[in-house]
Amino acid sequence: MSRKLLRPFGLLALMATLLLAVQPVTRVARASDDDVDNGEEAYIANEINLRLFDAAHLPALREQYRLELVEQFGARPIFLLRLTPQSPAGLDSKALSAKILAENPTRVQFAEPNYTSGSPEGSGNSWAVGNSWAVGNSWAVNDPSQVSGETQFRTQWAQEKIGLSAAHRATKGAGVIVAVLDTGVDRRHPALAGRLLAGRDFVDDDDDPSEVLPTCPPGSSATDPRACGPYGHGTHVAGLVALAAPEAKIMPLRVLDPQGVGNMWVLAEALRYAVDPDGDPASDDGADVINLSLTSVHESDLLGEILGDICGPVVADPTRPTYPKVVVVAAAGNRGTTAEMFPAAENFEGQLSVTASQSDDTIWSRSQRDDRVDLMAPGVGITSSVPRDELGVPRTGVWAGTSMSSPLVAGVAALVRAAAPAKTAEQVKDHIRDTSFDTRRVVNEPPVKRRLDAAAAVQPLVVGAANPIFDTRNFVRQQYLDFFNRAPDADGFNHWSREIEQCGANAACVDFQRVNTSGAFFLSIEFRETGYLVYRLHKAAFGNVAGKPVPVRYEDFMPDTQRIGQGIVVRSEGWEQKLSANREAFLRDFVTRAGTAGSRNFSVAFPPGTPAATIVDRLFQNAGLAPHAAEREALIAELAPNPDSTELRAGVLMKVAESPAFVRQEFMRAFVLMQYFGYLRRDPDDAGYNHWLSKLQEFGGDFHRAEMVRAFIVSDEYRERFGR
């Protein structure tokens, strides 16, 4: 199934919007017709979302109105239909939906056009109207007279205003998953390193939810593609979730095209994926919090049903899944009126509607302020991550809007969920509202009476509570998140939990089994075929980082490992074929991706025209190997027909990386490095790395006798990741 969107309109109005069109094989859809210039108010003119009381009525209705079936929503009697040339003349999807509903009251529960929605910050607008990010500083600058983007990001006014530092002393959100449904993310931005789960792209129907640079329409006066769409919106939003909940995992789901426009069907599909990515209710892999920085003027029955299942009241229909602990946070919109915008105005029991506040705790002039808004959060002059530039330099940007407020609330909801995992979504919502700052202290009769207060929401929940990493199941779950970049599968989770739980009250046994469980993740097939391979590829391609005893940095290792491990659960059906495909795709990208300023890159290290012998010799030299003459000559002969070939370069690099001698040689070095990457989520200090490498070598790789793994999991730095 492929999903393509064509966006014919050039200038979107102040609030242009999000979501996308779903389509099987032949489907090509637009967000709206050529006359619509605001995605928040549009619908796809030839698509209908239909719910029947009984799916058996579908063939007759399709025949009666000459409709084409695009797809069904899971097993429910909900269908996406497309008008055909034979459909009733003179009717678009809105008019035909009304006709179908009126003529079939006993067969049709709802029929509506496939409404569009979009980012409240819009597209096609300049920074002068507050809808596009202004370029900030690079993430790291060498000029001491400049403040780095990272510093600006971590010290901005919003952080102090809502008490994030104080909240983080209680918890940082470890173990919680926040789904961000948006324009995608820049996977390699350092602000998101180690924080992203695999995610999915519901625009292009693939596993790469990366942001896509928009194309300016014919006749546009824009010289920068950023001005033709809300490029960077998803990366900015994800960065704010990471700022508020730095130990939470972010599930990026791309549901918006480069112009920031999508549709209700795809949003519904992405929501279903967010709460149960693998389709197995037994595995705890779904989001705990969902952020929706998107709006529409249309109240959609389809979206209402799916959101209701996730964060609404208990559903009487036992065939419909419910998720009573999943909190949904939605941006209220940027029209500066009391008009209700959706999905924020759905106002379900476990849903928070958020609008934007200024540094003085007054409401931003463009913020929605209808009576369904729950609270405000900082949303003006907000610094966060935006996609790297054409040279790969990571950047920050400053943006304004309710889209910036919503992820701060989503991040705090993750903190509350981590501190009080037994709370329902409704209880989390009420708790965040009840502990918020009363803005009546600032303004008499303000439009919104509450402003987010992270410290007040979190700190009381952890008084007297034990560090959650001491809990066996939390501990095991964290190993999966840290080393496999995924939530645990049910079988593996139960197995490793039982290994520790069988110790009962025997503290020495528990201590040994925790260490044994942790070490097993590095030794596992899954990590060996993903993370350890990435380590060896970097080592063979580039040698060690200049002045360091290791070959790869944390911010490069994490996205590369995740790319190879995408969708892999060892011993699940088809895992070996999936791994092979992932490796091939990753290697092609690894040897060809564009040069990146400030980091090493294969296409720069081995530019076009580099002789085969030079490439092979340098790979062995970087790896620290002395190959046999026959081995060297064989690889040179393999590469010689075309040393610039992507496939041949990738093949030779892989053969060096998988050399048995190389695998043995780097084992202990990689093991030590992974302690820093997995437990401490940072690059190692040289002294600490060399100390533990010596200890591991002294005991022949026995991590129990070397006490290496134990030292990391009982360290203050590791335990402080979990707040207490």
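Residues numbered from 1 in each chain as written. Predicted model: local features only at pLDDT ≥ 70, side-chain atom pairs only at ≥ 80, totals over all residues. Heavy atoms only, no water.

A look at the state of the cysteines
What we call a disulfide is simply a covalent bond connecting the sulfur atoms of a pair of cysteines.
At step 1: The tally for this structure, following the rule as stated, stands at one disulfide.
At step 2: Note on cysteine connectivity: cysteine 503 is disulfide-linked to cysteine 509, with sulfurs 1.9 Å apart. Taking the sign of the torsion about the S-S bond as the criterion, the disulfide between cysteine 503 and cysteine 509, at about -60°, is left-handed. (Disulfide = S-S within 2.5 Å.)

Let's talk about unusual backbone geometry
At step 1: A cis amide bond, omega 10°, links phenylalanine 342 with the succeeding residue proline 343.
At step 2: In this fold, proline 343 is placed in the loop between strand S13 (327–331) and strand S14 (351–357).
At step 3: Look at arginine 66: it is not a glycine, yet its phi comes out positive at around 55°.
At step 4: On the secondary structure map, arginine 66 appears in the loop between helix H1 (58–65) and strand S4 (67–72).
At step 5: Taking the relative accessible area as the measure of exposure, arginine 66 reaches 37% and is therefore partly exposed. (Helix = DSSP H or I, 4+ residues; strand = E, 2+ residues; numbered from the N terminus. Buried < 20%, exposed > 50% of the residue type's maximum accessible area, 1.4 Å probe, protein only.)

Brief notes about the packing of aromatic side chains
At step 1: This model, assessed by the stated rule, comprises 27 aromatic pairs.
At step 2: Taking 5.6 Å as the distance between ring centres and 50° as the angle between the ring planes, the aromatic pair formed by tryptophan 139 and phenylalanine 153 counts as tilted. In this pair, tryptophan 139 sits in the loop between strand S7 (134–138) and helix H3 (149–155) while phenylalanine 153 sits in helix H3, placing the two residues 14 residues apart along the sequence.
At step 3: Since its relative accessible area comes to 7%, tryptophan 139 is described here as buried.
At step 4: Taking NZ or CZ as reference, arginine 272 lies 4.3 Å from the ring centre of phenylalanine 73, over its face.
At step 5: Over the face of the ring belonging to tyrosine 532 we find arginine 536, whose NZ or CZ atom lies 4.5 Å from the ring centre. (Phe/Tyr/Trp six-rings, centres within 6.5 Å; stacked < 30°, edge-to-face > 60°. Lys NZ or Arg CZ within 6 Å of the ring centre and 35° of its normal.)

Side note on the pairing of strand S16 (residues 382–386)
At step 1: For S16, a buried count of five out of five residues is recorded, marking the element as mostly surrounded by other parts of the structure.
At step 2: Here S16 pairs with strand S17 (residues 395–399) via five bridges, running antiparallel. Residue serine 384 lies in a different strand from S17, and its bridge partner there is glycine 397. (Pairing = 2+ DSSP bridges.)

Structural notes on the pairing of strand S6 (residues 108–118)
At step 1: When you tally the buried positions in S6, you get 10 out of 11 residues, the bulk of the element.
At step 2: Pairing between strand S3 (residues 43–52) and S6: seven bridges, direction antiparallel. Bridge pairing links isoleucine 44 to asparagine 114 in S6.
At step 3: Pairing geometry for S6 and strand S11 (residues 261–263), over three bridges, is antiparallel. Each residue of the ladder has a partner; that of glycine 118, found in S11, is valine 261.

Brief notes about empty space enclosed by the protein
At step 1: Tallied over the entire structure, the rule returns two cavities of 30 Å³ or more.
At step 2: When its volume is computed, the largest cavity comes out at roughly 70 Å³.
At step 3: What lines the largest cavity is Arg187, Leu192, Ala193, Gly194, Arg195, Leu196, Asn485, Met558, Pro559 and Gln562.
At step 4: Looking at side-chain class alone, the lining of the largest cavity contains five nonpolar, three polar and two charged residues.
At step 5: There is about 50 Å³ of room inside the second largest cavity.
At step 6: Looking at the second largest cavity, the residues that line it are Asp482, Phe483, Phe527, Phe557, Met558, Met674, Phe677, Gly678 and Arg681.
At step 7: Breaking the lining of the second largest cavity down by element, the ones donating at least two residues are helix H12 (472–484), helix H17 (554–565) and helix H23 (660–680).
At step 8: The element that contributes the greatest number of residues to the lining of the second largest cavity is H23, accounting for three residues. (1 Å grid on protein atoms, 1.4 Å probe; cavity = no way out; pocket = protein on both sides within 12 Å on 5 of 7 lines; lining within 4 Å. Points joined across faces, edges and corners; volume = space filled by probe spheres on them. Nonpolar A, V, L, I, M, F, W, Y, C, P; charged D, E, K, R; others polar.)

Focus: the side chain of glutamine 675
At step 1: With respect to the helices, strands and loops of the structure, glutamine 675 is situated in helix H23.
At step 2: For glutamine 675, a relative accessible area of 1% corresponds to the buried category.
At step 3: Setting aside its immediate chain neighbours within four residues, glutamine 675 contacts Leu680, Met708, Val709 and Phe712. (Contact = heavy atoms within 4.5 Å.)

Remarks on helix H6 (residues 233–244)
At step 1: Over its 12 residues, H6 runs 17 Å from end to end, which matches the ideal 16 Å to within 8%, given 1.5 Å per residue.
At step 2: For H6, the complete set of buried residues consists of His233, Gly234, Thr235, His236, Val237, Ala238, Gly239, Leu240, Val241, Ala242, Leu243 and Ala244. (Expected span 1.5 Å × (residues − 1).)

A word on the sheet that holds S3
Sheet strands pair by backbone hydrogen bonding; their relative direction is either parallel or antiparallel.
At step 1: If you walk across this open sheet you meet the five strands as S4-S5-S3-S6-S11, and the pairing is antiparallel. The open sheet has two edge strands, S4 and S11, and neither has a second partner. Geometrically, the sheet is characterised by an average inter-axis angle of 30° between neighbouring strands, direction not taken into account.
At step 2: Contacting S3, S4, strand S5 (78–83), S6 and S11, helix H7 (residues 264–275) runs over the sheet at an angle of about 95° to S6. (Axes fitted to C-alpha atoms, helices over the stretch in contact; angles between N-to-C directions.)

Concerning the packing of H17 against helix H18 (residues 575–592)
At step 1: The interhelical angle for the contact between H17 and H18, taken along N-to-C directions, is 140°, at an axis separation of 7 Å. Of the possible angle classes, the one that applies to H17 and H18 is oblique. Each of Asp560, Arg563, Ile564 and Gly565 in H17 lies in contact with H18, whose residues at this interface are Leu579, Asn582, Arg583, Ala585, Phe586, Asp589 and Phe590.
At step 2: When grouped by side-chain class, the residues that make up the contact of H17 with H18 number five nonpolar, two polar and four charged. (Parallel < 35°, antiparallel > 145°, perpendicular 65-115°, else oblique.)

Let's talk about the nonpolar core
At step 1: Judged by nonpolar contacts, the single largest core of 76 residues is most densely connected at Phe602, Leu653, Met674 and Met708.
At step 2: Here the element with the most residues in this core is H23; it accounts for 10 residues.
At step 3: Not counting chain neighbours up to four residues away, the residues in contact with methionine 708 comprise Phe671, Val672, Gln675, Trp692, Leu696 and Phe703.
At step 4: Among the nonpolar cores identified, the runner-up in size contains 52 residues, and Leu240, Ala377, Ala413 and Val458 belong to it. (Core = buried A, V, L, I, M, F, W, Y, C linked by side-chain atoms within 4.5 Å.)

Observations regarding the environment of leucine 192
At step 1: Along the chain, leucine 192 falls in the loop between strand S8 (177–182) and strand S9 (200–201).
At step 2: A relative accessible area of 1% places leucine 192 in the buried class.
At step 3: Along the chain, leucine 192 and proline 246 lie 54 residues apart, while their C-alpha atoms are 9.2 Å from each other.

Quick notes on a negative patch on the surface
At step 1: Where like charges cluster on the molecular surface, the negative patch consists of Glu349, Glu426, Asp430 and Asp434.
At step 2: Here glutamate 349 lies in the loop between S13 and S14.
At step 3: On the basis of relative accessible area, glutamate 349 is assigned to the partly exposed category, the value being 32%. (Patch = residues over 30% accessible without salt bridge, like charges linked within 9 Å, V, L, I, M, F, W, Y side chains within 5 Å. Areas by Shrake-Rupley, 256 points an atom, 1.4 Å probe, with all protein chains shown as cover. Salt bridge = Lys/Arg side-chain N within 4 Å of Asp/Glu carboxyl O. Lys, Arg positive; Asp, Glu negative; His and termini not counted. Charge placed at Lys NZ, Arg CZ, Asp CG, Glu CD.)

Focus: the confidence of the model for the protein chain
At step 1: On average, residues of the protein chain score 89 in pLDDT, and 90% of them are at 70 or above.
At step 2: Note on residues 1–37: pLDDT is under 50 here. Beyond four places in sequence and across chains, it has 166 contacts.
At step 3: In this model, residues 123–131 is a region of pLDDT below 50 whose contacts with residues beyond four sequence positions or in other chains number 34 contacts. (pLDDT = per-residue confidence, 0-100.)

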